[in-house]
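If you want the building blocks of each chain, they are given just below.
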Amino acid sequence: MRKDRMDYSRLVLFNLFLFCSCAASPPNFVLLFADDLGFGDLGSYGHPTSITPNLDRMAAEGLRFTDFYCTSPVCSPSRASLLTGRYQTRSGVYPGVFYPGSRGGLPLNETTIAEVLKPLGYATAVVGKWHLGVGANGTYLPTKQGFDQYLGIPYSHDMGPCRNLTCFPPNIKCFGVCDMGTVFVPLIHNEDIKQQPANFLDLERAYSDFAVDFITTSVKKNQPFFLYYPADHTHYPQYAGVGAAGRSLRGPFGDALLELDTTIGNLLATLEKTGVINNTLIFFTADNGPELMRMSRGGNAGPLKCGKGTTYEGGMREPAIAYWPGTIKPGVTHELASTLDVLPTFASLAGAKLPQVMLDGVDMTELLIHQEKSKRETMMFYPVSPSEQYGLFAVRMGKYKAHFYTHGATHSATTPDKDCPASAVLTAHDPPLLFDLEVDPSENYPLSSKERPDLQAVLEQIKKSKLDFEASMVFGRSEISKGADPNLAPCCNPQCSLRPSCCHC
Ligand code: MG
């Protein structure tokens, strides 16, 4: 056992030596970001019937996180934080999410991971769901935010009529209702509309081919690369192509997850085939918790409370896996970490300069490579619609989490827990609801400082941390409150008069 450990340490040192002594070969990064995927959705996180062999292999051979958080229980703000290392309140990506005709987007003066890596010669690409704005003339598309290439749907794929979106089984209409008064969902290549409506049953193959080609071309050019793959799949309405439809035991969500996992397998195989797997950090996580209102068609939060739209654990604690053969030792970590930490970590590993702005992320390099303590001591929880009036809804410090406000959400309806649906209205808690997440990850049993006087000091520390953080928070101008103009929605036939239905090519 001791010998194995020594051998492994030597291997890590050797890999780091190769990396450090070879300035021309900084590591590649593949960032995988699932949509509306809960803590309990992967086989490696305990789901009994999900088929996720590639993610499970990454979890077994890489570092699996148990206490990893996104920054918002909905899509756009969570993505803004991932790409900038800053809470969404700073960048103005609040309240809620962007829509097809939104006037705003992630502000161009925010620095994304792609823009951090570009000066070092990285090739950059994003494939999948952007959801950080389109704007007039594609102002906010990925190609304006540091990405060389883009293939994907620029927002959620239910933001268009479902009648042309076939789901499961193939060739039948989707279950439920989508946004019928909106343009058909477009597939965008760089800044041009490639298909409208997008062909969903062929979409995953197109994504996989695009990503495989990007990796292969970058390796041929001897260029380091950053591939960001925010998948559409597991968001409602769940779909899958013919290779996956009906193949899981879990229905449409399981099929979508299986197809996503298959693409991840294709990427792993490509990294192996091109000989760069040992010089590539692959990081997987998700944007927010499961949409429980879809019942068994939505995701699963496992043992965690509620889901999408709430600041309970089910809304914002996510599976996360860091995989880098030969450099990251297999294991499980209970350290606190967040999507905010991805940008500083990639920058550190690549030797890139950090943006000269207030960052909320910390560098996870020592945690990933040497299993050292996380530099993150707290996690702040903002609701879907943050405001300066209410501030933070919850704060986690170490193993304790204090809720200052709670509310349920439409997205989290249908479970028996009365705290999850929208009928659980906004409630202030004074003293805050306090939980020990190590012994009670399900947030079932609030602790009482009357019975446990020692907890008073914990609460005071959390309150101080909250006050200090809020004093440092400067809310950026809200991009989502700029509203929407239907004429800004992507249209492949821009001069046509019978919008939205004429946006069909
Ligand atoms: Mg989402």
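Residues numbered from 1 in each chain as written. Predicted model: local features only at pLDDT ≥ 70, side-chain atom pairs only at ≥ 80, totals over all residues. Heavy atoms only, no water.

> Looking at this model, I keep getting lost on the domain arrangement of the protein chain. Mind explaining?
When the parts of a complex come together, some accessible area is lost, and that lost area is often taken as the interface size. Domain boundaries in the protein chain define domain 1 (25–377) and domain 2 (394–476). Computed from C-alpha atoms alone, the centre-to-centre distance between domain 1 and domain 2 is 27 Å. Facing 28 residues of domain 1, the contacting portion of domain 2 comprises 29 residues. Here domain 1 and domain 2 share an interface that buries about 2,300 Å² over both sides, 52% of which is from carbon and sulfur atoms. Considering only the surface of domain 1 that becomes buried against domain 2, Arg90, Lys305 and Tyr312 emerge as the three largest contributors, covering 25% of it. For the pair domain 1 and domain 2, the number of links is four salt bridges. Its salt-bridge partner being Asp417, residue Lys305 comes within 2.8 Å of it at the nearest N-O pair. Where domain 1 touches domain 2, the interface holds 19 residue pairs in polar contact (both at pLDDT 80 or more). Going through the elements one at a time, β2 (63–69) and α4 (88–91) are the ones with two or more residues in the side of domain 1 that touches domain 2. Grouping the amino acids of the side of domain 1 that touches domain 2 by side-chain chemistry returns 13 nonpolar, six polar and nine charged. (Domains from an automatic or database assignment. Contact = heavy atoms within 4.5 Å. Buried area = accessible area lost by both parts, 1.4 Å probe. Salt bridge = Lys/Arg side-chain N within 4 Å of Asp/Glu carboxyl O. Polar contact = N/O pair within 3.5 Å; in protein donor to acceptor, adjacent residues only side chain to side chain. Helix = DSSP H or I, 4+ residues; strand = E, 2+ residues; numbered from the N terminus. Nonpolar A, V, L, I, M, F, W, Y, C, P; charged D, E, K, R; others polar.)

> Help me out: how do you make sense of the coordination of the magnesium ion in this one?
Each angle at a metal carrying four tetrahedral donors should ideally be 109.5 degrees, and each at a metal carrying six octahedral donors should ideally be 90 or 180 degrees. Binding of the magnesium ion to the protein goes through Asp35 (OD), Asp36 (OD), Cys75 (SG), Asp287 (OD) and Asn288 (OD1), at separations of 2.1 to 2.4 Å. Mapping the donors of the magnesium ion onto the primary sequence yields the spacing D-D-x38-C-x211-D-N. Here Asn288 lies in the loop between β8 (280–286) and α8 (313–316) and Cys75 lies in helix α3 (residues 75–84), a separation of 213 residues in the sequence. (Donors = N, O, S within 2.8 Å, 3.2 Å for Na, K, Ca; no water.)

> I tried to follow unusual backbone geometry on my own but got confused; where do I start?
Negative phi is the rule for most residues except glycine; trans is the rule for most peptide bonds. Along the chain, Tyr94 connects to Pro95 via a cis peptide bond; the corresponding omega equals -10 degrees. For the bond running from Gln196 to Pro197, omega is 5 degrees, close enough to zero to count as cis. The backbone of Cys306 sits at a positive phi, close to 55 degrees, despite the residue not being glycine. Position of Cys306 relative to the elements: it lies in the loop between β8 and α8. We note that Thr414 has phi near 90 degrees; this positive angle belongs to a residue other than glycine. Relative to the elements of secondary structure, Thr414 occurs in the loop between β13 (400–406) and β14 (427–436). Of the residues examined, Thr414 reaches a relative accessible area of 44% and is grouped as partly exposed. (Buried < 20%, exposed > 50% of the residue type's maximum accessible area, 1.4 Å probe, protein only.)

> Mind showing me how you'd approach the state of the cysteines here?
Each disulfide consists of one covalent bond between the sulfur atoms belonging to two cysteines. The final tally for this structure, using the stated rule, is four disulfides. Here Cys496 pairs with Cys502 through a disulfide, and the sulfurs are 2.0 Å apart. The disulfide joining Cys496 to Cys502 has a torsion of about 65 degrees about its S-S bond and is therefore right-handed. No difference in accessibility class separates Cys496 from Cys502, as the two residues are buried. Free cysteine Cys70: the closest other cysteine sulfur is in Cys75, separated by 9.9 Å. Exposure remark for Cys70: the relative accessible area of 1% places this residue in the buried category. Cys75 gets classed as buried once you look at its relative accessible area, which sits at 3%. (Disulfide = S-S within 2.5 Å.)

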